Structure formats: C-alpha cells, structure tokens
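# Chains, contacts and geometry: an overview
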Amino acid sequence: MAMAVQRLYPGVQVTIGPWVDNGFYYDFYNPENPFQEEDLKKIKKEMEKIIKSDLPLRREEVSREEAKRRIEAINEPYKLEILDAIKTEPITIYHIGDEWWDLCAGPHVETTGKLPKNAIELQTIAGAYWRGDEKREMLQRIYGTAWENKSQLKAYKDLLAEAKRRDHRVLGTKLDLFSIQEDAGGGLVFWHPKGSTIRKLIEDFWKDLHIQNGYELLYTPHVANLDLWKTSGHFDFYQEGMFDQMDVEGDMYQIKPMNCPFHCLVYKDKLRSYRELPIRWAELGTVYRYERSGTLHGLMRVRGFTQDDAHIFCLPNQLEDELVGVLDLTESILSRFGFDNYEINLSTRPEKSVGSDDIWDKAETALRGALKRKGWDFAVDEGGGAFYGPKIDLKIKDAIGRTWQCSTIQCDFNLPERFDLEYVSADSSRQRPIMVHRAIFGSIERFFGILVENTAGDFPVWLAPVQLKLLPVTEEFRPFCNQVKEQAAKAGIRVVVDQSAERLGKQIRNAEMEKIPVVAVVGQKEVDSNSLAIRTRRAGDLGNFDVDNIISTLSDAIHEGVELDAVMKLESDQAAVA
C-alpha cells in the first residue's frame, strides 16, 4: 500500500505501518494535498497492479550507517527516527522489486503475486499524531484489512456491519440512554433517565451480591491532598494520566484517578489484628483520568468513570481461598448479564519488580491454584505482571464473537509497603497484609457500552428501562390502560402508557423501535374481559390474558431474570402435564 501511495503521490513521506488484529495501517505525512476517502479506490487499484506484476520481495541486511545514508538520500526523516528506535543489528530492509524498499523485520511472502487481491480492502482514513504525541506533526493514517481469501473478507465485512448496527453510541442516542455533552467537555458521560434506570439496576445487583459475599461498602472522596498521591506513587508513575492539581488554601489537591489509596487510609485508620482478616471492601468509586481528545470513544474510553473497585486485605495463607471467592463472584455477576464465555490470562513476575522472591512465588502459586480449582483454562503471560504483583485478566466474549477486557484481579506488594500497612500477628509481631485489587466490570460506563452492543439494545426484561408498554386502540381505552399501569407499577413493573394519538400499527412499530420487551394492546374486547393482548419482542403475539394473571407472571419473570414467554411456556407445559 505504501508503495502504491508513493507511486501516485511522489511527495508523500512514509512513517510507520504495522499490522493490527484485523488488518494493518500506514501513517503518511502529506500536508500539501491530504488524502480524501475517494482516493482509497485509486490507491487500491494501484496496489492491484503491483500484485499483478508479481514482484519479488527481497531481504537485505545493512549496517546502521548504510541504512541512515539511504534514508537521508530519499529524504524520509520519519524513517530516521524509526531507525534510531531500532536497538538490534544488523538493520533489515525489504525491497519490492527494484523500485521500493522499507525498514522491516519481516518476513514477507516471496512475491507480490502471492497476495490475494480480492481479499484485501482499504477501509478508512484517520488523523494520527506522530508517535502519539499531540505536540508533533499530524499524520494521515490509512486503514486496511487483509485475509487469505474472498470469503474470509466477506465474513469480516459482515461482522463490521453487525458491529455498526450494535454501536453503543448510536443506540445510546436512539434509545435515549446517555449522551456526551460537548458543551460540558469531551469524555464526560450524562446518564439519561432510561440509562440511569439500567445503571441503578446494575449497581444494586452488584452491591447486593457483594454484601452477600462478605464485602463491606465504602464511600470515599473525589479529591485528596497531593501528598497522598505522592505516597501512593501515582504522582511519580501515573502523572500523565492525571488532571492538573488545584490550589486549596495554599495546599495542592488532586482529583482522584484511583480509589486504592483511599482504601489504604481506611485500613490504616486503626491497628488491625490478624483475627480481623480477611477484610473485603468494595466501592463504586468515580475516578477522573486525563485522556487525549483523539482517544475518546463513546463509553469505552472516557475521562470520568465509575470503577467497581474492591480491595481485599488478607493473610498469606488466606490468599488462594480469597482468589477463588473473587472468581466465583466474578462468574456470578458476569453470567447474570449473559457473559459466560471467557479468555483468561495469568501474568507473572516482570524483570523489574518489588517484593521478595518468596512472596511472589506464593502469590503466583495462589493465582494458579485458584484458577485450577475453578477448572478454568488459562494462558500464562510470562513476565507480563505489574512491577508490584502478578495478576489475572479476564476477557468476555460477546454475541458476535468479539472479546473485551473486563475483569482484573491484581496482587499488590507495593501499596502496603508505601502506606506502612500492618496487622498484629498471632505471635504479636507486626506483619504486612497481602493486598488484592479487583474489578469485575472494570468500569460501569465501559461495561454498559459492552452490554448495549452485546444485546444490540434489546435488554432482557429484568434490565429493560421500560418493561411493559400499554397501547390503547383509541382514546376511550386510555382510562383502562391507566388503571392497569397503576396495578403493574405496584407489582414492581416499569410500565408506561403510549401517550401518542397514533394508530395502533404505528404504536406497535414505535414500541419495536424502542425495543420494549412486552407490549399490551387494549381495545373493547380487553376492557370487557379485563384482559390484555400480549405481544413480546422475542415471541410475537401470545394471546389474551387476564390482567391479574399476566401482571403476576410478568413480575415473576422479572424477579427470576427470565423472559416472559419462557415463563408462560413453562406454565403451559406444566399445565399440560397436569
């Protein structure tokens, strides 16, 4: 692709072009005549000519000095920076025929003719700062995708189309769930009433299950004196991800990017005994992190978000049991929202770390042991742990096969040391507790975005912001609808009456567009028989049912976390057996 670009646009400078999960991109410096979307067809056509020419790809090893000389000769300054970043020698160059070459580690196909031209597609153009530094030049990035054959490309394009249909940013607007108000600033989420209803259900479920599993809830401040962040190490190691400090009566305060230092302070508020451990504290704590505007993306990457944080302080011999408990709780919570397919990684000690060999060995053994007791398969990322402890990362798989980083369980040998956390042991000596950080959703915002895309906005009935919508055939049946609404609301059902003057068909279509799981049509027949004509999104028309019975059945379905038609089928099957 880069060769085709420079054939068509000789003044364009090339920078870097790596592969990514589903294809590749290349960044170009082209300030005089920026690429337009329509240029992609022209570039792709030139690529096809190169492929058809069946040009050989040849690897060449050169000295650093020779590579520099050649790069300077063709006036490619960005390549000089890339050369400086390459620490190994010799330097490898790949040639396409005798016309074009680039720094590359390789390997490559033998000739361009081996590339399947009908399985390659250029997708889009985007802006990108050189080296991700907003103080450097703005480049143009061309994205492409490449597959072994045409059918694989088609499958990928179908996946992209389905992902676009499920885009949480689009559905968030269509379903009136949330917004990003640019007048307030990028990356800040405004939860609308329907989105807030779902968020409350998620948070209430999370809190109740944590309390059932022996956790206590904390609430901590949103800001703290800068000295706290120096003690924790965040100011030294995480400053780029923090907002600027504020002056409060001569003291510098920092809006919090993390919750963990606050939990350490609560632990340190009094001397603990080994008999008190394990301590399990959980908090839905809102944090604020600086993200460049170009990296913000709907709910997936924001500047203010609520972490479902928890910290466990325990004895070394309690660690494995506590980890199993965390994994059990993670499974219980994620499965409630339809996620039961996971990819799991165990990341072990990196080259640079804090803590003794003994504590690292015990922690890694406990993490492995917990995963084995769960019977879960996992991959090991040797040396991929944080400098302060090993960790487990869990990715969930959604309805269209995409994986999302979600849950993290992280041992920490650093913060107990920095905050001088202690407990009195059985022999009356002072010892350090083991600290475990863990988040199951990661953040409420990001998990909500994943949930919207996983369901395509078609939330299960227990989670839907409106569970039942009553559709009066004409205005004269509205009083009956209002009576039913009052009765259903008392049963804990989230119910509305269509307030429009639309015809019934339009009311039904509107309810479909709003993705309401259950609708009830009300006409003369229903009023006379005190019934509702029930229709669900999953099963269509189900028939007429007595008001008291259908409200009771729907309430049961919501309480049990299953769909209405599934409960009704079960009741029908049971009646048939009887």
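Residues numbered from 1 in each chain as written. Predicted model: local features only at pLDDT ≥ 70, side-chain atom pairs only at ≥ 80, totals over all residues. Heavy atoms only, no water.

## Some points on the overall build of the protein
Secondary structure assignment for the protein yields 19 helices and 29 strands. Each principal axis of the C-alpha atoms in the protein carries an extent, and together these give about 90 × 75 × 55 Å. The 578 residues of the protein split such that 48% are buried. Considering only intrachain contacts with a sequence separation of at least 6, the fraction spanning at least 24 residues in the protein is 68%. With an accessible surface of roughly 29000 Å², the protein has 49% of that area assigned to carbon and sulfur atoms. (Helix = DSSP H or I, 4+ residues; strand = E, 2+ residues; numbered from the N terminus. Buried < 20%, exposed > 50% of the residue type's maximum accessible area, 1.4 Å probe, protein only. Contact = heavy atoms within 4.5 Å. Areas by Shrake-Rupley, 256 points an atom, 1.4 Å probe, with all protein chains shown as cover.)

## Overview of the packing of aromatic side chains
Inspection of the entire model under this criterion finds 23 aromatic pairs. Ring geometry for Phe205 versus Trp462: centroids 6.3 Å apart, planes at 55°, classification tilted. Within this pair, whereas Phe205 is found in helix α7 (residues 193-212), its partner Trp462 is found in the loop between α14 (444-455) and β25 (468-472), the two being separated by 257 residues in sequence. The residues Phe205 and Trp462 share a single accessibility class, namely buried. Measuring from centroid to centroid gives 5.1 Å for Phe387 and Tyr388, while their planes differ by 85°, and the two rings are edge-to-face. The exposure class of Phe387 is partly exposed, given its relative accessible area of 31%. Put simply, the rings of Phe205, Phe337, Phe339, Phe441, Phe447 and Trp462 pair up and form one aromatic cluster. (Phe/Tyr/Trp six-rings, centres within 6.5 Å; stacked < 30°, edge-to-face > 60°.)

## Digging into the sheet that holds β25
Pairing in this open sheet of five strands is mixed, and the strands run β26-β25-β27-β28-β29 from one edge to the other. Of all the strands in the sheet, the pair left with one neighbour each is β26 (495-497) and β29 (540-546). Each strand of the sheet is rotated relative to its neighbour by a mean of 25°, with strand direction disregarded. Sheet analysis places β25 next to β26, joined by three bridges and oriented parallel. (Pairing = 2+ DSSP bridges. Axes fitted to C-alpha atoms, helices over the stretch in contact; angles between N-to-C directions.)

## Quick notes on the pairing of strand β5 (residues 91-96)
The element β5 is largely enclosed, with a buried count of six among its six residues. Here β5 shows a buried face lined by Ile91, Ile93 and His95 and a second buried face lined by Thr92, Tyr94 and Ile96. Adjacent in sequence and paired antiparallel, β5 and strand β6 (residues 100-103) are bridged by three residues, among which Gly97 carries a positive phi angle near 60°.

## What to know about the UniProt feature "domain: Aminoacyl-transfer RNA synthetases class-II family profile" (unreviewed entry) in the protein
Here, UniProt's "domain: Aminoacyl-transfer RNA synthetases class-II family profile" (unreviewed entry) annotation points to residues 158-472. End-to-end, the C-alpha atoms of residues 158-472 are 39 Å apart, and along that stretch the chain is 34% helix and 26% strand. (UniProt positions renumbered as here; feature names shortened; annotations may be inferred.)

## Brief notes about the side chain of Thr111
Tracing the chain through its elements places Thr111 in the loop between β6 and β7 (120-129). For Thr111, a relative accessible area of 18% corresponds to the buried category. At 2.5 Å, the side chain of Thr111 and the side chain of Asp54 are in polar contact. Not counting residues within four places of it along the chain, the set of residues in contact with Thr111 comprises Asp54, Leu55, Pro56 and Leu57. (Polar contact = N/O pair within 3.5 Å; in protein donor to acceptor, adjacent residues only side chain to side chain.)

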